[in-house]
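So the chains spell out like this:
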Amino acid sequence: MLALNASPKWIESLVEWLYTYLPTWITANLTATDAADFIVWPLIQIGVMLVVVLTAVAYLTLAERKVSAWIQVRVGPNRTGPLGLLQPAADGIKLLIKEDVIPFKADKTVFTLAPIISMVCAFVVLAVLPYGPHYASITNINIGLLFILSVSSVGVLGIILGGWASNSKYPLLGALRSSAQMVSYEAAIGLTIVSALIFTRTFSMQGIVEAQKSLGVWFVLFLFPSFIVFLVSVVAETNRAPFDLAEAESELVGGFHTEYSGFRFSIFFIAEYANMVVVSAVGTTLYLGGWYVPGMDAIAAQAPEAYREAVLTLIGVMAFAIKCGLILYLFIWMRWTFPRYRYDQLMELGWKWLMPAALANIVLTATVFIIGKELGLVRSVGGVLEMEWQGKVFFTVAGFLSVFPILALLNAINRNSKSFNLRAQRTTIPVSTRKVKLSPGVKPAGV
């Protein structure tokens, strides 16, 4: 794992001063510059990132309660602090002082490790996300996208282990549902990413943003069907409504975390919202240009030369936060707008709708890309794609028009599917096999 950029001068000066007091067996094997670039500065960035993300997660819970109140024409939290801004702190204190209950026959070790696994997997991937140019990104690895997919998929083990270790029926059912759900929708997410890689030609998260910056266009215009499939899949991947079958309160009480309380429950809660932040950041990076916005270089050029990098970093971080905020708002809006799916509907949507749509999108994207290359609308220079405005218009129009053949394919595949229509299922059952409940004293016909 390599540092993305050199540390600031004041960090190097501080480390050089500290080196005068360290033993020679340390200073002889590690120079002050390497220590500043690869140890001290990344640790400072990680600390800042954790504080910012944990604060964002805390206030995301408040935003969800506020938005749900507005949707339902209520007020929402407004008592704790000015405008209710201290409500997340009050909720955290409440969870910390609550009694920590462990079921008598639970596997105590696994019961304790399960929420930790979920939270650690959610936070580890934050290290490779590009929050902005220069100092706003912690590290850049050439397989960053694969790293995010692999580590985030391990997070489901925390849910499975938590449901199993509780030694209770409802958590076990929630864990089984979650495992099947995540396997289904992770496949769709992986396929949507393939279509984006046709234009990025790299797994590096920073490289994906740079590809969109060099073209001067966000990939959501070229890959609109892929973006829609990605959004639906990540909502299901994070167990959010209307796909929260793993926590269905009306059926499973609380799902996999039914037996959790106090601080352990808060860890699961933090992991869920941290995963929302992660998938929003990945979607922003892949489809919405990441930290790039048109004209940001021109704005930074107006600042004094000594502050241009700082201004560019600030603009990039603000743009990245706004884009992630829009996707997070979509998460909240969907929860309080759509009813929960049945479990068979959930699995059918993943395997019979999203998977064929993602596969068809790969074929169409590759076909359109080859046609554009043959027409000279796009060219590769040093491994980086370049195109004029004609190419951008061509790929944008093709991206939006590809929605129609995908919809036609889905209609052909699911034309005879009746699982979404209970009335149609009931009408196909022969009358002779239906069970009819008779009133007391009434005899069946023919008796």
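That block above? That's the structure.
Cut-offs used in this document
Residues numbered from 1 in each chain as written. Predicted model: local features only at pLDDT ≥ 70, side-chain atom pairs only at ≥ 80, totals over all residues. Heavy atoms only, no water. Helix = DSSP H or I, 4+ residues; strand = E, 2+ residues; numbered from the N terminus. Contact = heavy atoms within 4.5 Å. Areas by Shrake-Rupley, 256 points an atom, 1.4 Å probe, with all protein chains shown as cover. Salt bridge = Lys/Arg side-chain N within 4 Å of Asp/Glu carboxyl O. Buried < 20%, exposed > 50% of the residue type's maximum accessible area, 1.4 Å probe, protein only. Phe/Tyr/Trp six-rings, centres within 6.5 Å; stacked < 30°, edge-to-face > 60°. Expected span 1.5 Å × (residues − 1). Core = buried A, V, L, I, M, F, W, Y, C linked by side-chain atoms within 4.5 Å. Axes fitted to C-alpha atoms, helices over the stretch in contact; angles between N-to-C directions. Parallel < 35°, antiparallel > 145°, perpendicular 65-115°, else oblique. Nonpolar A, V, L, I, M, F, W, Y, C, P; charged D, E, K, R; others polar. Left-handed = near helix turned anticlockwise from the far one by under 90°.

1. Focus: the overall build of the protein chain
So, point 1. The secondary structure content of the protein chain amounts to 17 helices and 2 strands.
So, point 2. Of the contacts made within the protein chain by residues no fewer than 6 positions apart, 77% connect residues no fewer than 24 positions apart.
So, point 3. By element, 69% of the accessible surface of the protein chain is carried by carbon and sulfur atoms, the whole surface being about 23100 Å².

2. Observations regarding the pattern of salt bridges
So, point 1. For the structure shown, the criterion picks out 11 salt bridges.
So, point 2. We note a salt bridge from K352 to E348, for which the minimum N-O separation is 3.9 Å. Here K352 pairs with E348, and both are found in helix α14 (residues 343-374), just 4 residues apart, close to one helical turn.
So, point 3. Linking R379 and E388 is a salt bridge whose minimum nitrogen-to-oxygen distance equals 3.4 Å.

3. Some remarks on the side chain of R177
So, point 1. Within the secondary structure, R177 sits in helix α7 (residues 169-200).
So, point 2. The class for R177 is buried, based on a relative accessible area of 18%.
So, point 3. Ignoring anything within four residues of it in the chain, the contact list for R177 reads L245, A246, A248, E251, L252 and Y343.

4. Describing the packing of aromatic side chains
So, point 1. Summed over all chains, the structure comprises 20 aromatic pairs.
So, point 2. Here F199 and F222 contribute two aromatic rings whose centre-to-centre distance is 5.3 Å and whose plane-to-plane angle is 40°, an arrangement assigned as tilted. On the criterion of sequence distance, the pair formed by F199 in helix α7 and F222 in the loop between α8 (205-215) and α9 (224-237) is long-range, its members being 23 residues apart. For the pair F199 and F222, one class covers both residues: buried.
So, point 3. Aromatic pair W333 and F338: ring centres 5.5 Å apart, planes at 85°, arrangement edge-to-face.
So, point 4. Residue W333 is classed as partly exposed on the basis of its relative accessible area of 33%.

5. Looking at helix α5 (residues 108-124)
So, point 1. In this model, α5 (17 residues) spans 25 Å end to end at C-alpha, consistent with the 24 Å of a helix rising 1.5 Å per residue.
So, point 2. Buried residues of α5: V110, F111, A114, P115, S118, C121, A122 and F123, and no others.
So, point 3. At its buried positions, α5 is contacted by α3 (32-71), α6 (144-165) and α11 (262-287).

6. A word on unusual backbone geometry
So, point 1. Of note, the bond from A241 into P242 is cis; its omega dihedral lies within 30 degrees of zero at 10°.
So, point 2. Along the chain, the position of P242 falls in the loop between α9 and α10 (249-252).
So, point 3. Unusually for a residue other than glycine, V73 sits at a positive phi of about 55°.
So, point 4. Turning to its location among the elements, V73 is positioned in the loop between α3 and α4 (87-97).

7. Comments concerning the nonpolar core
So, point 1. By size, the foremost hydrophobic cluster in this structure holds 86 residues, and its most contacted members are L126, L129, L145, F199, F222, V282 and L286.
So, point 2. For L126, the residues in contact, after removing those within four places along its chain, are M49, V53, Y131, I138 and V278.

8. Notes on the packing of α8 against α11
So, point 1. Running from N to C, α8 and α11 cross one another at 40°; their axes reach a closest spacing of 8 Å. Compared by their axis directions, α8 and α11 come out oblique. Contacts between α8 and α11 pair M205, I208, V209 and Q212 from the former with T285, L286 and Y287 from the latter.
So, point 2. For the contact of α8 with α11, a count of residues per class yields 5 nonpolar, 2 polar and no charged.

9. What about α11?
So, point 1. Here α11 spans 38 Å end to end across 26 residues, near enough to the 38 Å set by a 1.5 Å rise per residue.
So, point 2. The element α11 is largely enclosed, with a buried count of 21 among its 26 residues.

10. Thoughts on the environment of I44
So, point 1. Inspection of the secondary structure assignment puts I44 in helix α3.
So, point 2. A relative accessible area of 32% places I44 in the partly exposed class.
So, point 3. Distance from I44 to I138, taken between C-alpha atoms, is 9.4 Å for residues 94 residues apart in sequence.

11. Focus on the packing of α7 against α9
So, point 1. Look at α7 against α9: their axes get within 9 Å of each other, and the N-to-C directions meet at 155°. Judged by the inter-axis angle, α7 sits roughly antiparallel to α9. Considering how the two elements wind past one another, α7 and α9 form a crossing that is left-handed. For the pair α7 and α9, the contacting residues are Q181, M182, Y185, E186, A188, I189, T192 and S195 in the first and S226, V229, F230, S233, V234, A236 and E237 in the second.
So, point 2. By residue class, the composition of the contact of α7 with α9 is 8 nonpolar, 5 polar and 2 charged.

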